[in-house]
Amino acid sequence: MVTDFDAFERVMWAGRAAAYERGFARMAAYTAEPLLDAAGVAHGTEVLDVGTGPGTVAAAARRRGARVTAVDADPQMADVAARNAPDVDVRVARLPDLPFSDAAFDAVVGNYVINHVGEPDVALAELRRVLRARGRLALTCWPLPRSLPQSLVNDAMERAGVGWPEDVPVTPFHTYGNPDAFRELVAGAGFPGVMVDEIVWEHVVDPDAWWAGPMAGVGSTGYVLTRLDEATIARVKAAYDELAASYTGADGMMRLPARALLVHATR
């Protein structure tokens, strides 16, 4: 089952694995350990890491002694994950069609993957299918409105007068980017006792390194940015530099307040 948004995601992420690993993945890594804690991942746990990206969560689960399977929809991303987590069974697969039998895992985790699927409710039903009775689900998502690390380049684009193109779809998950809606979505998929925690931290990053991610086409913002002409990109960069200066210390590093939502439940 593929929607227009799903097809866009495949195009958008193709060839972006290395750039994502160098940049945005480092911020996403902050929630890897809380995610595994919420799923009760320990020695011997059979874990599925969905949308593994560069394999950060999968590698962390292996360090806990878990038996880990990981999937990603992008073949290059799966290759990166296999390099970073060599003891993990990494496969190319996409939600909502997972190549696993019913009740195959003790825990299913996904670090910022639920906001990258066209039909979140259908994806959740598939995650529930592969969980054993009393198995644990844990998922993170970026909340809306977005926190500063995600919004900084978008804010610069807006300041430079760049609108969002009509042909670039917005994630269907945007209606679930708050604790109550996220909880109701997961509960609606048949998970009782759903809990949602907010995680806050400070992302410390070089301003030029943070700009480099979107300029390499990472994410929907990068997809839009790299389609602009050189003069418009220069205007966006000037606006970005102005905004970034407000968060940059004497050491030249930005300190950006970040936050995420972590949902967890038992099947």
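The rules behind these values
Counting of residues starts from 1 at the beginning of each chain's written sequence and follows it residue by residue. Owing to the predicted nature of the model, reporting of local features is limited to residues with pLDDT of at least 70; listing and counting of side-chain atom pairs is limited to 80 or more, with chain, interface and lining totals taken over all residues. As a convention, hydrogens and water are excluded, and side-chain values are obtained from all of the structure's heavy atoms. Numbering of helices and strands runs from the N terminus, with a helix taken as a DSSP run of H or I at least four residues long and a strand as a DSSP run of E at least two residues long. Radius of gyration means the value over C-alpha atoms here, while the globule rule gives 2.2 Å times the residue count to the 0.38 power. Per-residue accessibility, obtained with a 1.4 Å probe over protein chains only, is compared with the maximum for each type, and a residue is labelled buried under 20%, exposed over 50%, and partly exposed between these values. By the convention used here, residues are in contact when the closest approach between their heavy atoms is within 4.5 Å. Fitted lines through C-alpha atoms give the axes, limited to the stretch in contact for helices. The angle between two N-to-C directions lies from 0 to 180 degrees. If you view the pair so one helix is near and one far, a crossing is left-handed when the near helix is turned anticlockwise from the far one by less than a right angle, and right-handed when it is turned clockwise. Roughly parallel refers to an angle under 35 degrees, roughly antiparallel to one over 145, roughly perpendicular to one between 65 and 115, and oblique to any angle outside these ranges. Throughout, the ten residues Ala, Val, Leu, Ile, Met, Phe, Trp, Tyr, Cys and Pro are labelled nonpolar, Asp, Glu, Lys and Arg are labelled charged, and all others, Gly among them, are labelled polar. The rule is short: rings of Phe, Tyr and Trp, with Trp giving its six-membered ring, pair when the centres are within 6.5 Å, and they are stacked under 30 degrees, edge-to-face over 60, tilted in between. DSSP bridges decide pairing: two strands pair if at least two such bridges lie between them. The span one expects for a helix is its residue count, reduced by one, times 1.5 Å. By construction, the arc corresponds to the directions joining the helix axis to the C-beta atoms. Throughout this description, a polar contact denotes any pair of N or O atoms lying within 3.5 Å of each other; where both atoms belong to protein, one of them has to be capable of donating a hydrogen while the other can accept it, and for residues adjacent in sequence the pair is counted only when both atoms sit in side chains.

1. Considerations on the overall build of the protein
Scanning the protein from terminus to terminus reveals 12 helices and seven strands. Here the C-alpha radius of gyration of the protein, 18 Å, is about what a compact globule of 267 residues would show, namely 18 Å. Judged by the C-alpha coordinates and their principal axes, the protein covers about 55 × 40 × 35 Å. Looking at the 267 residues of the protein, the share that counts as buried comes to 51%.

2. Concerning the environment of V196
Assignment of secondary structure puts V196 in strand β6 (residues 195–205). Not counting residues within four places of it along the chain, the set of residues in contact with V196 comprises P179, R183, L261, L262 and V263.

3. Thoughts on the packing of helix α10 (residues 207–215) against helix α12 (residues 230–245)
Here α10 crosses α12 at 145°, and the two axes come no closer than 11 Å. When you trace α10 past α12, the crossing you get is right-handed. Residues P207, D208, W210, W211 and M215 of α10 lie in contact with α12, whose contacting residues are I233, V236, K237, Y240 and A244.

4. Considerations on the packing of helix α8 (residues 148–159) against α12
Two measures define how a pair of helices packs: the angle their axes make with one another and the distance between the axes. Viewed as axis vectors pointing N to C, α8 and α12 meet at an angle of 125°, and their least axial separation amounts to 8 Å. Regarding the angle of α8 to α12, the classification is oblique. In this structure, α8 crosses over α12, and the sense of that crossing is right-handed. Contacts between α8 and α12 involve L152, V153, D155, A156, M157 and R159 on the former and, on the latter, V236, A239, Y240, E242 and L243. Residue classes in the contact of α8 with α12 are distributed as eight nonpolar, no polar and three charged.

5. Thoughts on the packing of aromatic side chains
In this description, an aromatic ring pair is defined by two values, namely the gap between the centres and the angle between the planes. Using the criterion set out here, one finds 12 aromatic pairs in the structure. Both rings, one in F8 and one in Y223, keep their centres 5.1 Å apart while their planes meet at 90°; by these two values the pair is edge-to-face. Linking F8 in helix α1 (residues 4–13) with Y223 in helix α11 (residues 219–225), this pair joins segments that are 215 residues apart in sequence. Here the aromatic rings of F100 and F105 are separated by 5.2 Å at their centres, their planes lie at 90°, and the arrangement is edge-to-face.

6. Considerations on the pairing of strand β3 (residues 89–92)
Strand direction decides the pairing type here: strand β2 (residues 67–72) and β3, joined by four bridges, are parallel. Within β3, the position partnered with T69 by the bridge is D89.

7. Quick word on the sheet that holds β6
The strand order across the open sheet formed by seven strands is β3-β2-β1-β4-β5-β7-β6, and the pairing between neighbours is mixed. Two strands bound the open sheet, and with one partner strand each, they are β3 and β6. Averaged over all adjacent pairs, the angle separating strand axes in this sheet is 20°, with direction ignored. Two strands pair when backbone bridges link them, and strand β4 (residues 105–111) and strand β5 (residues 131–141) are joined in this way by six bridges, in the parallel orientation. Note that in β5 the partner of N111 across the bridge is T140. Docked against the sheet, helix α6 (residues 75–84) engages β2 and β3, running at close to 175° with respect to β3.

8. A few points about unusual backbone geometry
The omega angle of the peptide bond from L95 to P96 is 10°, so this bond is cis rather than trans. Locating P96 in the fold gives a position in the loop between β3 and β4. The peptide bond linking L144 to P145 adopts the cis configuration, its omega dihedral lying at 0°. Turning to its location among the elements, P145 is positioned in the loop between β5 and α8. Of note in the backbone geometry, A103 takes a positive phi value of approximately 55° without being a glycine. Along the polypeptide, A103 turns up in the loop between β3 and β4. Positive phi values are uncommon outside glycine, yet Y112 reaches one of about 60°. Of note, Y112 is situated in the loop between β4 and α7 (120–129). On the basis of relative accessibility, which here comes to 5%, the residue Y112 falls in the buried class.

9. Focus: α12
Taking 1.5 Å as the rise per residue, α12 with 16 residues should run 22 Å; its terminal C-alpha atoms sit 22 Å apart, in good agreement. When α12 is considered as a whole, its buried residues turn out to be T232, I233, V236, A239, Y240, L243 and A244. The buried residues of α12 occupy one face: seen down the axis, they fall within an arc of 135°. The outward face of α12, more than 90 degrees from its buried face, is lined by the exposed residues E230, A231 and A245. Buried residues along α12 sit against α8, α10, α11 and β7 (254–266). Of the residues that open α12, the one with a side-chain oxygen 3.1 Å from the backbone nitrogen of A231 is D229.

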